[in-house]
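Descriptive structure summary
Residue strings, one per chain:
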Amino acid sequence: MVSYVKERGTVSLPSSIATKAVGLVSVEGLPPLFLEAKPGVFANVEDASDWVGENRPTLDRLIEEHGVIVLRGFPLQTSADFGKLGAKFPVFDGNYQGGAAARRSLDKGVYEATQRTGDQTIYIHQEMFYVRDYPPRIAFFARKVAETGGETIIADMAKVTRLLPAPIRKKLEQHGVLVVRNFAPPSGSNVETRLMDRRGWEFAFYTDSREEVDEVCRHRGMEPHWHDDGSLTVFSRLPAFVVHPTTGKELYRTALHTNARTKADMEHDEEAKQLLASQKIPSAMVLGNGEPLNPEEELALARLVDDATVYWKWQQGDVMILDNLQIGHGRNPFVGERATDLQMFN
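Presented here is a report on the structure given in the accompanying data block.

Calculation notes
Residues numbered from 1 in each chain as written. Predicted model: local features only at pLDDT ≥ 70, side-chain atom pairs only at ≥ 80, totals over all residues. Heavy atoms only, no water. Pairing = 2+ DSSP bridges. Helix = DSSP H or I, 4+ residues; strand = E, 2+ residues; numbered from the N terminus. Buried < 20%, exposed > 50% of the residue type's maximum accessible area, 1.4 Å probe, protein only. Arc of directions from axis to C-beta. Contact = heavy atoms within 4.5 Å. Phe/Tyr/Trp six-rings, centres within 6.5 Å; stacked < 30°, edge-to-face > 60°. Lys NZ or Arg CZ within 6 Å of the ring centre and 35° of its normal.

Notes on the sheet that holds strand E8 (residues 122-125)
- If you trace the 5 strands from one edge of the open sheet to the other, you get E1-E18-E11-E20-E8, paired in mixed fashion. In this open sheet, the two strands that pair with only one neighbour each are strand E1 (3-4) and E8.
- Pairing geometry for strand E11 (residues 152-156) and strand E20 (residues 327-331), over 5 bridges, is antiparallel. Note that in E20 the partner of Thr152 across the bridge is Arg331.

Some words on the environment of Glu267
- Within the element layout of this structure, Glu267 appears in the loop between helix H9 (259-266) and helix H10 (270-278).
- Once the C-alpha coordinates of Glu267 and Ala100 are considered, the two residues, 167 residues apart in sequence, prove to be 22 Å apart.

Some words on helix H3 (residues 56-66)
- Along H3, the residues that are buried comprise Arg56, Thr58, Leu59, Leu62 and Ile63. The arc that holds every buried residue of H3, seen down its axis, measures 160 degrees, which confines them to one face. More than 90 degrees from the buried face of H3, the exposed residues found are Pro57 and Glu65.
- Contacts made by the buried residues of H3 are with helix H1 (15-18), strand E4 (33-37), helix H2 (45-54), strand E5 (68-72), strand E9 (137-144) and strand E19 (319-323).
- Gly67 occupies a position one or two residues after H3 and carries a positive phi of about 85 degrees.

Here's the deal with the packing of aromatic side chains
- Taken as a whole and judged by the stated rule, the model has 13 aromatic pairs.
- For the ring pair Trp312 and Trp314, a centre distance of 5.7 Å and an interplane angle of 20 degrees mean the geometry is stacked. Here Trp312 and Trp314 have matching classes, each one buried.
- Clustering of aromatic rings is evident, with ring pairs tying together Phe34, Trp312 and Trp314.
- Over the ring of Phe34 we find Arg8; its NZ or CZ atom is 4.0 Å from the centre of that ring.
- For Arg338, the ring lying beneath its charged end belongs to Phe334, and the centroid distance is 5.9 Å.

Right, here's the structure in full:
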């Protein structure tokens, strides 16, 4: 069951943070930790960004401790403002070449979040779960909140890891995961399509060079397979668990839990079914030996992640910074215009 965070209580903060922000947590102790700016404490975005830079060690600790923080009431309005604040964090060493949802660049280090149509749910996942190298932390900026819905949902993946049924854990540990993704031939368009597999590979890899795509795949541990029609299939073979670099805890890092939901959605989506049937090598997420989890196991995983998922009503200008291993994220369907930006940090 996905929970809505309704009530929040205050939490004591280090003095350096408490001078300009109030800490708010859900009464159940669920993530995230909200850091709400006191009225009038920041003169402008530069002032707020400088404060973030000065308090980086404390903010880093709070992100690790709570998994995710939300900066609320900070004077951010544009992608450039978000970029200035994000510049106080170390930029992710990698980039988004070969990403699942091709993103247009909005400012230095700032990308648009996944542009799926408002009728679609984006299910819980860890950013770039399908490649070997991934950003340890990511940040979202609510540049424009949707008229209805569109909340970013988050899930406590440490809780999911702890509660994994033993038979499923054994299969994941033994076989790992195989992710198969498809890209269409070059289309000349950088507009996201409703079905991600219809994106041209040149949009996803930010290049029209097959040689560069091959090099990106080699660097990221992916196996490319080119088809005669110019389309591309990419294979990623990955462990299902990784060790957190600072806490030392083993964490579930895959999206096998989304299979039950996406299969149910496809039953009512003729276009998606036809696309999958037309693929020479169908897109899939399965165990590393090529076998799927059985339907009961897939549903159990989906329900486990649902039970660890929360959301809340976003406010214009909110910035969420999350630990990309401890916390998964997704998005509720929405009505109206919605604009959310993304940055990736080490």
